[in-house]
Amino acid sequence: MASTPMILAEGLQKSFGSVTALAGIDVRVESGTVLAVLGRNGAGKTTFVRIVSTLLAPDSGIVRIAGVDAVRDAATVRSVIGLAGQFAAVDEMLTGRENLKLVGRLYGLNKQEARARADEVLERLGLTDAASRLVKTYSGGMRRRLDLGASLTGRPPVLLLDEPSTGLDPRSRAELWSLIEDLVGDGSTLLLTTQYLEEADRLADRVAVVERGKIIAEGTPHELKRRIGGDVLEVRPARPGDLERLARLLRGLGPGEPLADVRAQRVTLPAPERVPTLLAAARRIEEAEIPVADLGVRGPSLDDVFLTLTGTKPLRAVSEPEMRATA
Ligand SMILES: Nc1ncnc2c1ncn2[C@@H]1O[C@H](COP(=O)(O)OP(=O)(O)O)[C@@H](O)[C@H]1O
Ligand SMILES: [Mg+2]
């Protein structure tokens, strides 16, 4: 018999008026594993997390956390989950330590316990030096870490993180990723949502790709990459004006058509044979005397997967500046 999954959702549906946010979501997260729900703005990620965390009731379908029904027994479910949202929910006018002490008190710890737990969490977050400062003086990355810390205060076995790194600069994001990896190493079960392919790839055991309230693909990052059929040749021109020329030059080298991505300034081409394709490409480029900044064969990225699955433009790359939609 299969063990009880830590998070189980079946047939989840939710509409807001005429807007269908979730159109039937099935998810199963085993204890001690990480599921990334990957999707663009408006795909339904937050709605899903709010339902799993008992903040919102589904129109239909079931959610069970460690076997407990999230609709009928919300109080029990709340006692085993920690939630950190897309927008940090900490109080600006309190210090970092005061924020965490407050959360500890909400979990029923006494004053000394709450203080000890707050200091323990602050240490883990690397915020000990800033513990006595008002949160309004914190950077975005520090706030996000503190918010994550608040979700850890009750030592929940199940963590739900809704876009934990959206809006962070690359360095803060890398720090947050290490922190999350630490937590998962301790055996927590984690469901996180993200718009970042690299985040899913790096942190998740399994990835569910969500589009318009539906899961359009599910599997390990490796499986998803395999679905688009192997390795990819990638060339970056040294001069932006050469992009289209490069794409034309590489025609006929592989089984598929070269794809010129203007925004990323690169041409990609399926290259299942790897080395022969790479050498042939190098020869053609040299003969045509087009200066290139980079040429290589790589495994497919989740970006490629998304393009294949939806036929629309890829999600933005992780290194691009954040552009938050006004919701
Ligand atoms: N409270 C709400 N009222 C009306 N529409 C909503 C509400 N919450 C979400 N939606 C809509 O549901 C869809 C999914 O939203 P959301 O779950 O926030 O997506 P994501 O988190 O992936 O960006 C969107 O079209 C959004 O506009
Ligand atoms: Mg959201």
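Residues numbered from 1 in each chain as written. Chains lettered and ligands numbered in written order. Predicted model: local features only at pLDDT ≥ 70, side-chain atom pairs only at ≥ 80, totals over all residues. Heavy atoms only, no water.

1. Some remarks on helix α4 (residues 111-125)
Turn by turn, an α-helix covers 3.6 residues, leaving residues three or four places apart pointing in a common direction.
Argument step 1. End to end, α4 covers 21 Å across 15 residues, agreeing with the expected 21 Å (1.5 Å per residue, within 8%).
Argument step 2. Those residues of α4 that sit buried are Ala-114, Arg-117, Ala-118, Val-121, Leu-122 and Leu-125. Angularly, the buried residues of α4 cover 135° about the axis, an arc narrow enough to put them on a single face. Within α4, the exposed residues directed more than 90 degrees away from the buried face are Gln-112 and Glu-123. (Helix = DSSP H or I, 4+ residues; strand = E, 2+ residues; numbered from the N terminus. Expected span 1.5 Å × (residues − 1). Buried < 20%, exposed > 50% of the residue type's maximum accessible area, 1.4 Å probe, protein only. Arc of directions from axis to C-beta.)

2. Focus: the environment of Val-209
Argument step 1. Assignment of secondary structure puts Val-209 in strand β9 (residues 206-211).
Argument step 2. Sequence separation of Val-209 and Ala-43 is 166 residues, and the distance between their C-alpha atoms is 9.5 Å.
Argument step 3. When near neighbours in sequence (up to four residues on either side) are disregarded, Val-209 contacts Leu-38, Lys-214, Ile-215, Ile-216, Ala-217, Leu-224, Phe-306 and Leu-309. (Contact = heavy atoms within 4.5 Å.)

3. Some details on the pairing of strand β10 (residues 214-219)
Argument step 1. Examined bridge by bridge, β9 and β10 share five bridges and lie antiparallel to one another. In the strand pairing of β10, Val-210 is matched with Ile-215. (Pairing = 2+ DSSP bridges.)

4. What about the domain arrangement of the protein chain?
Argument step 1. On domain assignment, one finds that the protein chain holds domain 1 (7-225) and domain 2 (230-299).
Argument step 2. Distance between the C-alpha centres of domain 1 and domain 2: 40 Å. (Domains from an automatic or database assignment.)

5. Quick look at the site of ligand 1
Argument step 1. Surrounding ligand 1, one finds Phe-16, Val-19, Ala-21, Arg-40, Asn-41, Gly-42, Ala-43, Gly-44, Lys-45, Thr-46 and Thr-47.
Argument step 2. In this structure, an oxygen atom belonging to ligand 1 sits 3.0 Å away from a main-chain N or O atom of Gly-44.
Argument step 3. Here an oxygen atom of ligand 1 sits 2.8 Å away from a polar atom, N or O, in the side chain of Lys-45.
Argument step 4. Counting only elements with at least two residues in the shell around ligand 1, the list comes to β2 (19-29) and α1 (45-52).
Argument step 5. Here the residues of the shell around ligand 1 sort into four nonpolar, five polar and two charged. (Near = heavy atom within 4 Å. Polar contact = N/O pair within 3.5 Å; in protein donor to acceptor, adjacent residues only side chain to side chain. Nonpolar A, V, L, I, M, F, W, Y, C, P; charged D, E, K, R; others polar.)

6. A few points about helix α10 (residues 275-288)
Argument step 1. The end-to-end C-alpha distance of α10, which contains 14 residues, comes to 20 Å, matching closely the 20 Å that a straight helix rising 1.5 Å per residue would cover.
Argument step 2. All of the buried residues along α10 are Thr-277, Ala-280, Ala-281 and Ile-285. One face of α10 carries all of its buried residues, which in axial projection span an arc of 135°. In α10, those exposed residues whose orientation departs by more than 90 degrees from the buried face are Glu-286 and Glu-287.
Argument step 3. Among the structural elements, β11 (232-237), α9 (243-249), β13 (266-270) and β14 (292-298) are those in contact with the buried residues of α10.
Argument step 4. Glu-289 occupies a position one or two residues after α10 and carries a positive phi of about 55°.

7. A short note on the pattern of salt bridges
Argument step 1. Per the counting criterion, the structure on display carries 22 salt bridges.
Argument step 2. We note a salt bridge from Lys-14 to Asp-59, for which the minimum N-O separation is 3.5 Å. Here Asp-59 lies in the loop between α1 and β4 (60-65) and Lys-14 lies in strand β1 (residues 7-16), a separation of 45 residues in the sequence.
Argument step 3. Classification of Lys-14 as buried rests on a relative accessible area of 11%. (Salt bridge = Lys/Arg side-chain N within 4 Å of Asp/Glu carboxyl O.)

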